[in-house]
Amino acid sequence: MNAWYLLHCKARQEQRAQQNIENQGYTTCLPQIKRQKIVQGKRIERIEPLFPNYIFIQLDKSTANFNALRSTRGVNGFVRFGGIPATVPGQVMDSILALEQTSEKQDQAQPLFRSGDKVQISDGPFAGLQAIYNMPKGEERCLIFLDMLGQQQSIEIEETALRSEEYS
């Protein structure tokens, strides 16, 4: 009976691990997403794994060679609970596989910030203050809402000067 398992990969070696595992005849799933990033002050689009450092693999427990898979280049090992490789529930995998198919059809990159996101200003005269992201304005600038003197002010700022609140 085939089941889905989760492999932990070495840092930024998901594609390498996927290729080596598929060369052994196994079915894998590496969902990816297109994102906008700011690298050296420029906004670029990158395709990145949805779950960094992890890859899903479909195996028949009775015939699979777990030791060979664990020793595959790019792989650290299986995700385990109580020493036993953990299986991913079928419903979860169905959702992930459906998401992977829709993201392949999607051409537009996910924006760095979305309207309403809480952000923190990391550079400039407002460094350290929290704000609400409003919308992009051109290639490198954006509008944010900042509370000043009891009122919400709309301010135009370099997008590179913002950090997401969730990573602060």
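Everything numeric in this text was worked out from a predicted model, so none of it was measured. (Residues numbered from 1 in each chain as written. Predicted model: local features only at pLDDT ≥ 70, side-chain atom pairs only at ≥ 80, totals over all residues. Heavy atoms only, no water.)

Asker: Before we move on, can you summarise the overall build of the chain with the specific residues and values?
Answerer: The helix and strand tally for the chain stands at three helices and 14 strands. A compact globule built from 168 residues should have a C-alpha radius of gyration of about 15 Å, whereas the chain, at 21 Å, is more than 25% larger. Seen along its three principal axes, the alpha-carbon backbone of the chain occupies a region of about 65 × 35 × 30 Å. Counting the 168 residues in the chain, one finds 33% classified as buried. Considering only intrachain contacts with a sequence separation of at least 6, the fraction spanning at least 24 residues in the chain is 57%. Per element, the accessible surface of the chain, about 10700 Å² overall, is 47% carbon and sulfur. On the chain, the mean spot of the 19 positive side-chain charges and the mean spot of the 19 negative ones are 7 Å from each other. (Helix = DSSP H or I, 4+ residues; strand = E, 2+ residues; numbered from the N terminus. Rg over C-alpha atoms; globule rule 2.2 N^0.38 Å. Buried < 20%, exposed > 50% of the residue type's maximum accessible area, 1.4 Å probe, protein only. Contact = heavy atoms within 4.5 Å. Areas by Shrake-Rupley, 256 points an atom, 1.4 Å probe, with all protein chains shown as cover. Lys, Arg positive; Asp, Glu negative; His and termini not counted. Charge placed at Lys NZ, Arg CZ, Asp CG, Glu CD.)

Asker: Please provide a residue-by-residue account of the sheet that holds strand β13 (residues 151–158), values included.
Answerer: Ordered in space as β13-β12-β11-β10-β14, the five strands form an open sheet in which the pairing is antiparallel. Only two strands of the sheet have a single neighbouring strand rather than two, namely β13 and β14 (162–164). Averaged over all neighbouring strand pairs, the angle between strand axes comes to 45°, with direction disregarded. Two strands pair when backbone bridges link them, and strand β12 (residues 141–148) and β13 are joined in this way by eight bridges, in the antiparallel orientation. In the strand pairing of β13, Ile144 is matched with Ile155. (Pairing = 2+ DSSP bridges. Axes fitted to C-alpha atoms, helices over the stretch in contact; angles between N-to-C directions.)

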